[in-house]
Amino acid sequence: SQLFPPLQIGLLFTYIAPLAFVLAVTMCKEGFDDYKRYRTDREINTELYTRLTPGGGDVTVAAQDISVGHVLRVRANQRVPADLLLLRTKES
């Protein structure tokens, strides 16, 4: 109704300015949330885990380098990096 001239009350600016303001604030908030999510993801992906090798040794790998088939040693209170099949636990 605001764009139909006989029903228009006030200037067109009074309709567009609040909408533009709300859109700008929403865009800024979404951009800030995306940046925080990017920083959190980068922090989680660089966390180090112990990967057990077929020869019986240990190799330290970043979470982003873990792939299907790797056997990991997860310590107490350590974040689980991905979908994981728990093979064994040990009480400390």
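Just above, that's the structure.
Residues numbered from 1 in each chain as written. Predicted model: local features only at pLDDT ≥ 70, side-chain atom pairs only at ≥ 80, totals over all residues. Heavy atoms only, no water.

S.K.: Give a description of the sheet that holds strand β3 (residues 71–73) that names residues and reports values.
M.R.: To summarise the sheet geometry, strands pair through backbone hydrogen bonds and adopt either a parallel or an antiparallel arrangement. Spatial ordering of the open sheet is given by β2-β1-β3, a layout of three strands whose pairing is antiparallel. Looking at the sheet topology across the chains shown, the edges are occupied by β2 (58–62) and β3. Adjacent strand axes in the sheet meet at a mean angle of 45 degrees when their direction is disregarded. Two strands pair when backbone bridges link them, and strand β1 (residues 48–52) and β3 are joined in this way by three bridges, in the antiparallel orientation. Bridging from a neighbouring strand, Thr-50 pairs with Arg-73 of β3. (Pairing = 2+ DSSP bridges. Helix = DSSP H or I, 4+ residues; strand = E, 2+ residues; numbered from the N terminus. Axes fitted to C-alpha atoms, helices over the stretch in contact; angles between N-to-C directions.)

S.K.: Lay out unusual backbone geometry in plain terms, naming residues and giving numbers.
M.R.: Phi is positive for Asn-77, close to 65 degrees, though the residue is something other than glycine. Tracing the backbone shows Asn-77 in the segment after β3. Overall, the relative accessible area of 87% leaves Asn-77 in the exposed class. (Buried < 20%, exposed > 50% of the residue type's maximum accessible area, 1.4 Å probe, protein only.)

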